[in-house]
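Chain by chain, the residues run as shown.
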Amino acid sequence: MWSLDYLDGNFAADPVEIREVWDSNLEEELSLIRSIIADYPFISMNTKFPAFLIPSAITSPTSFVFNYQNIKSNIDAIKLIQLGLTFFNSSGHLPHFGSPPRPCIWQFNFREFDTTRDIFDRNHMDFLRRSGMDIEKNHLLGVTADHFSELIISSGIVQNNSVQWITFHSYLDLGYLLKTLTRHNLPDSHEGFLRSVLRYFPKIYDIKTLMKLCNNHSPRVLNKVAEDLGLNRVGRYHQTGSDSLLVAAVFRKLKDHFFLRSIERYAGALRGLSLD
């Protein structure tokens with residue numbers, strides 16, 4: 001069975017299927033996810049959006065209120081473009097589907113963002129296009145936020161104490177997903193945001209917090225963290241499916257090599273939004 005260990009630089013990674021999710025196959029793909037969540041309760045995630053428009057998202061690791069208001073202003077004004085989810089178990093194995101069975105991860109494409117109406121950073125949008133993202137196809141065929149919210153809440157992956165979420169940009173990934181799930185702007189207060197996050201994602205691990213605890217250094221770029229840990233990438237850089245798989249591999253390596261049995265004490269510590 002395929003394991004996250006294959007992303008280690010000492011191994012050659014076998015093919016992983018990145019299952020593209022559009023509005024037409026959303027119900028089918030979430031049905032598959034419902035069937036595996038009990039056996040693969042770790043979920044790493046990554047989001048893509050049209051870039052921050054208000055600078056300095058995190059200005060201080062302890063100025064929680066100011067940091068949150070800056071994050072809220074950006075997320076309220078911007079729409080999610082893509083969400084990547086990787087499911088794995090405590091041994092680092094991924095679910096397998098297809099004939100012959102192949103290890104799978106998921107990439108959800110959203111349709112709400114419209115370049116003719118919505119604000120965005122042009123340089124960042126050009127970067128997303130060069131990374132292989134088809135913005136026009138997303139807008140035409142992507143998942144609607146209402147459809148996604150309705151099905152994901154009943155899928156068993158949120159509001160589930162048995163599920164453990166892992167993110168790299170926690171305040172962004174969780175903020176965009178929370179906004180999409182609730183179909184509302186983020187809560188007015190920093191405290192309200194943390195309560196909402198814990199309601200939908202009861203157990204969360206923030207890679208940036210874990211890196212800070214490991215070596216007093218928290219790289220801003222996922223690729224750099226993976227490189228430092230000797231991990232390979234599967235799939236295209238800056239696509240959420242590939243990035244979510246890399247987040248999973250980083251988490252597993254940190255957990256196995258630095259934290260051993262003590263990592264659970266750091267669940268819920270979000271860099272820049274709570275005490276680490």
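If you're wondering where the values come from, they're calculated on a predicted model, not measured in any experiment.

This paragraph deals with the packing of aromatic side chains. Under the counting rule described, the total for this entry stands at 13 aromatic pairs. Their ring planes at 20° and their centres at 5.3 Å tell us that Phe42 and Phe88 sit as a pair that is stacked. One end of the pair, Phe42, is in strand β2 (residues 42–48); the other, Phe88, is in strand β3 (residues 82–88), and 46 residues separate them in sequence. In this structure, Phe42 and Phe88 share a single accessibility class: buried.

Following the sequence through the fold, Arg252 ends up in helix α10 (residues 240–259). Arg252 has contacts with Leu4, Asp5, Ser90, Ser91 and Gly92, leaving out every residue within four places of it along the chain.

Below, the discussion takes up helix α7 (residues 190–200). All of the buried residues along α7 are His190, Gly192, Phe193, Val197 and Tyr200. Axial view of α7: buried residues confined to an arc of 160°, hence all on one face. Seen from the open side of α7, the exposed residues pointing more than 90 degrees away from its buried face are Arg195 and Arg199.

Counting residues in hydrophobic clusters, the biggest one holds 45 residues, and the most contacted among them are Phe87, Phe108, Phe148, Ile157, Trp165 and Phe201. Considering every element that reaches this core, the biggest residue donor is helix α6 (residues 170–182), with 7 residues. Those residues within four positions of Phe108 in sequence are excluded, and the remaining contacts are Val21, Leu26, Leu30, Ile33, Ile81, Gln82, Leu83, Leu85 and Phe148. Counting residues in each nonpolar core, the second largest holds 29 residues, with Phe88, Met211, Leu222 and Ala248 among its members.

What follows deals with the pattern of salt bridges. Pairs can form between side chains of opposite charge whenever their charged atoms are close. In total, this model carries 12 salt bridges according to the counting rule given. For the salt bridge of Asp228 with Lys224, the shortest nitrogen-to-oxygen distance reads 3.2 Å. Taken together, the positions of Asp228 and Lys224, both in helix α9 (residues 222–228) and 4 residues apart, correspond to about one turn of that helix. Residue class for Lys224 comes out partly exposed when judged on its relative accessible area of 39%.

Within a regular beta strand, the side chains point alternately toward one face of the sheet and then the other, so they alternate between its two faces. By the criterion of burial, strand β5 (residues 102–109) is predominantly enclosed, with 7 of the 8 residues buried. Note: strand β1 (residues 17–21) against β5, 5 bridges, orientation parallel. Considered in β5, the bridge of Arg19 is made with Trp106. Note: β3 against β5, 4 bridges, orientation antiparallel. Residue Gly84 lies in a different strand from β5, and its bridge partner there is Gln107. Alignment of strand β4 (residues 96–97) against β5, held across 2 bridges, turns out to be antiparallel.

Parameters and conventions
- Residues numbered from 1 in each chain as written.
- Predicted model: local features only at pLDDT ≥ 70, side-chain atom pairs only at ≥ 80, totals over all residues.
- Heavy atoms only, no water.
- Phe/Tyr/Trp six-rings, centres within 6.5 Å; stacked < 30°, edge-to-face > 60°.
- Helix = DSSP H or I, 4+ residues; strand = E, 2+ residues; numbered from the N terminus.
- Buried < 20%, exposed > 50% of the residue type's maximum accessible area, 1.4 Å probe, protein only.
- Contact = heavy atoms within 4.5 Å.
- Arc of directions from axis to C-beta.
- Core = buried A, V, L, I, M, F, W, Y, C linked by side-chain atoms within 4.5 Å.
- Salt bridge = Lys/Arg side-chain N within 4 Å of Asp/Glu carboxyl O.
- Pairing = 2+ DSSP bridges.

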